[in-house]
Amino acid sequence: MENQEQSGKRLVLVPGPFHGHLTPMLQLATVLKSKDFSITIAHTQFNNPDSSAHPDFTFLRIPDGLSEEEVRNPDLIAIMLRLNVNCESSFRECLTQGPDHMEPVDKICCIIYDALVYFSETVARDLKIPSIAMHTSNAATNLVRPILLQLKAQGHIPVPDSMLQTLVPLHQPIRFKDLPLSNFGSLDYFLEAVVLMHKIRSSSAIIFNTIHCLEESPLVRLHQRYQVPIFPIGPLHKFAPTSDVRLLQEDTDCITWLDKQTHNSVIYVSLGSIAKMNQDQLLEMAWGLANSKEPFLWVIRPGSIPDLEWIESMNEEFKECVRDRGCIVKWAPQKKVLAHDAVGGFWSHCGWNSTLESICEGVPMICQPCFGDQKVNARYLTHEWRVGLELEGEIERGTVERAVRTLMKEKEGEEMRQRVLDLKRKVDVSIDDGGSSCHYLSEVVELLRSF
Ligand code: UDX
């Protein structure tokens, strides 16, 4: 364990071991540190965060028992289930028989855990430590996930083609095609994981990285479902702007490139930290962008195109065509990019962090959800908040070209820009003194101090 001198009541935070999960948990840790709590981040060996980015925290590595093969070719759902089995006893041991300088268990006032790593709740209950669950996806997703099993029993999952456009009863605007199903591994494993993730056994409260003004109605229903307090304290990145995960190296040269572009002229393209695309999709995206004639900044994550190192399959004709108009990087400082004056649109997979980051900077979106909660987020972006365009069906260059032009140049895109700016203003009010997120955050701190 890497130990730092700390004071104040100790909290142990257990993040889910994926970029989009580590990010909000470390942001929460940063916020709680500023409220005078001592912070231990207990993390799996798999995808362990860079402790040097957080010198104020203590890091505790939980042996996770994954094989090299599982880590090299991760099946995300299988990994999650295995981690929850493997880590229960090793986490307990870490807390009870940790290194000499680990404080005694009775000095830990609460374990805050990502709902993905629900083994933490079992350990907290056994050791009689209070616990709080945190969901890193939005309230609407969390409302609909627990009915997936029931929909499967009724024969609606896998969703038949005839029902794709049908609205899910009591969950409008979500259609059956927007249900937060996974693309990974077996459906039964996925549904098993979903049930376990949503069971609250002994936790005292649930934290959501969402905002009352965005999800008033799903939050009201969640309050009714759970017997414990619900705290929507998002967007966490606004409360902890300097928090950084550093799983991937950011290319900051793209900011210099953006500095040379004009106001709202650039479409930023990124499909997040997990989604993959095949070579055909890559080429359709590329030529759609090229044919739109709009400047673009495109993140293509190494490893996101099976069988390719990076973008070696892109031909010289494409590179020549976009030489002065396109910038392609492996990983970008996304929050800085979205805040840049030159960025006028975001073509996104609609991961919840990306969705919040875009709304917070008033940037309208093209929505290309890939799996899971991204589909719910995309539906809310396009049909509830009306700040995004839906890119439906197979990715095809003509559709891409039209979507980019509509967002960046046409009245429809401009109206979305105005609406997202309105949303941004509401979010700004929520995080100010007296705003809803600020209020719920104080309640979380009060609850933690009471333990
Ligand atoms: C995953 C799931 O895909 C998502 O639906 C779920 O809500 C969280 O876990 P991910 O693919 O990582 O998320 O997407 P997202 O939630 O949007 O998080 C991506 C994070 O990576 C964002 O915070 C974004 O700022 C950051 N990012 C992305 C970069 O810093 N640089 C990049 O180039 C791309």
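The structure presented is a predicted model; accordingly, all values stated were derived computationally and were not measured.

### Some details on unusual backbone geometry
A cis amide bond links Ile157 to the next residue, Pro158, at an omega of -5°. Its place among the elements puts Pro158 in the loop between α6 (148-153) and α7 (187-198). For the peptide bond that leads from Gly234 to Pro235, omega is -5°, which places it in the cis range. Turning to its location among the elements, Pro235 is positioned in the loop between β7 (230-232) and α9 (236-239).

### Describing helix α16 (residues 397-409)
Between its first and last C-alpha, α16 extends 18 Å over 13 residues, near the 18 Å set by a 1.5 Å rise per residue. Turning to α16, its buried residues number three or more, namely Val400, Ala403, Val404, Leu407 and Met408. The buried residues of α16 all sit within an arc of 110° when viewed along its axis, so they share a single face. Where the residues of α16 are buried, they touch β8 (266-270), α11 (279-292), β11 (343-348), β12 (365-367), β13 (388-390) and α17 (411-431).

### Section: the sheet that holds β8
Taken together, six strands build an open sheet; the order of strands is β10-β9-β8-β11-β12-β13 and the sheet is parallel. The open sheet is flanked by β10 (326-329) and β13, the only strands paired with a single partner. The mean inter-strand angle of the sheet, taken between neighbouring strand axes irrespective of direction, is 15°. Pairing geometry for β12 and β13, over three bridges, is parallel. Bridge pairing in β13 places Met365 opposite Gly388. In the packing of helix α15 (residues 373-384) onto the sheet, the strands contacted are β12 and β13, and the crossing angle to β13 comes to about 115°.

### Remarks on the environment of Leu271
Of note, Leu271 is situated in the loop between β8 and α11. A count of 25 C-beta atoms within 10 Å places Leu271 in the buried class. For the pair Leu271 and Val12, spaced 259 residues apart in sequence, the C-alpha separation works out to 31 Å.

### Observations concerning the nonpolar core
Proteins that are soluble and globular tend to have nonpolar side chains buried together. Within the largest apolar cluster, 122 residues are counted, with the highest numbers of intra-cluster contacts made by Leu13 and Leu297. At eight residues, helix α3 (residues 76-96) tops the list of elements feeding residues into this core. In terms of domain composition, this core takes at least three residues from each of domain 1 (10-245 + 431-450) and domain 2 (253-409). Among residues more than four places away in sequence, those in contact with Leu297 are Cys254, Trp257, Leu258, Val266, Tyr268, Cys327, Ala332 and Val337.

### Some points on the domain arrangement of the protein chain
When the parts of a complex come together, some accessible area is lost, and that lost area is often used as the size of the interface. Along its sequence, the protein chain is carved into domain 1 (10-245 + 431-450) and domain 2 (253-409). Distance from the C-alpha centre of domain 1 to the C-alpha centre of domain 2: 27 Å. Every contact between the two is made by 22 residues of domain 1 and, on the other side, 21 residues of domain 2. Only α1 (19-34), α5 (139-144) and α9 provide two or more residues apiece to the side of domain 1 that touches domain 2. If one sorts the elements of the side of domain 1 that touches domain 2 by residue count, α1 sits on top with four residues. In terms of residue class, the side of domain 1 that touches domain 2 is made up of nine nonpolar, eleven polar and two charged.

### A few points about α7
The terminal C-alpha atoms of α7 lie 17 Å apart, and with twelve residues this matches the ideal 16 Å at 1.5 Å per residue to within 8%. By the burial criterion, the buried members of α7 are Phe190, Ala193 and Met197. One side of α7 carries all its buried residues, which in axial view fall inside an arc of 65°. On its buried face, α7 is in contact with α3.

### Quick look at the confidence of the model for the protein chain
On average, the protein chain scores 93 in pLDDT, and the residues at 70 or more come to 97%. Interface confidence in the predicted complex, given as ipTM, is 0.98; pTM for the same model is 0.96.

### Points about the sheet that holds strand β5 (residues 131-135)
Sheet strands pair via backbone hydrogen bonds, and the direction of the pair is either parallel or antiparallel. Pairing is parallel in the open sheet, where seven strands are placed in the order β3-β2-β1-β4-β5-β6-β7. Looking at which strands have only one partner, the edges of the open sheet turn out to be β3 (58-62) and β7. Going from strand to strand, the sheet's axes swing by 20° on average, the running direction of each strand aside. Lying on the sheet, α3 is in contact with β2 (38-44) and β3; it crosses β3 at an angle near 130°.

### Describing the site of the ligand
Close contacts around the ligand come from 25 residues, with Gly20, Gly272, Gln334, Gly351 and Ser354 the closest. Of all the secondary structure elements, the ones that give two or more residues to the shell around the ligand are α1, α13 (334-339), α14 (352-360) and α15. Within the shell around the ligand, the residues separate by chemical class into seven nonpolar, 15 polar and three charged. The residues that make up the shell around the ligand include at least three from each of domain 1 (10-245 + 431-450) and domain 2 (253-409).

Quick notes on the rules
Residues numbered from 1 in each chain as written. Predicted model: local features only at pLDDT ≥ 70, side-chain atom pairs only at ≥ 80, totals over all residues. Helix = DSSP H or I, 4+ residues; strand = E, 2+ residues; numbered from the N terminus. Expected span 1.5 Å × (residues − 1). Buried ≥ 20, exposed ≤ 12 C-beta atoms within 10 Å, placed from the backbone. Arc of directions from axis to C-beta. Contact = placed C-beta atoms within 7 Å. Pairing = 2+ DSSP bridges. Axes fitted to C-alpha atoms, helices over the stretch in contact; angles between N-to-C directions. Core = buried A, V, L, I, M, F, W, Y, C linked by C-beta atoms within 7 Å. Domains from an automatic or database assignment. Nonpolar A, V, L, I, M, F, W, Y, C, P; charged D, E, K, R; others polar. pLDDT = per-residue confidence, 0-100. Near = placed C-beta within 6 Å.

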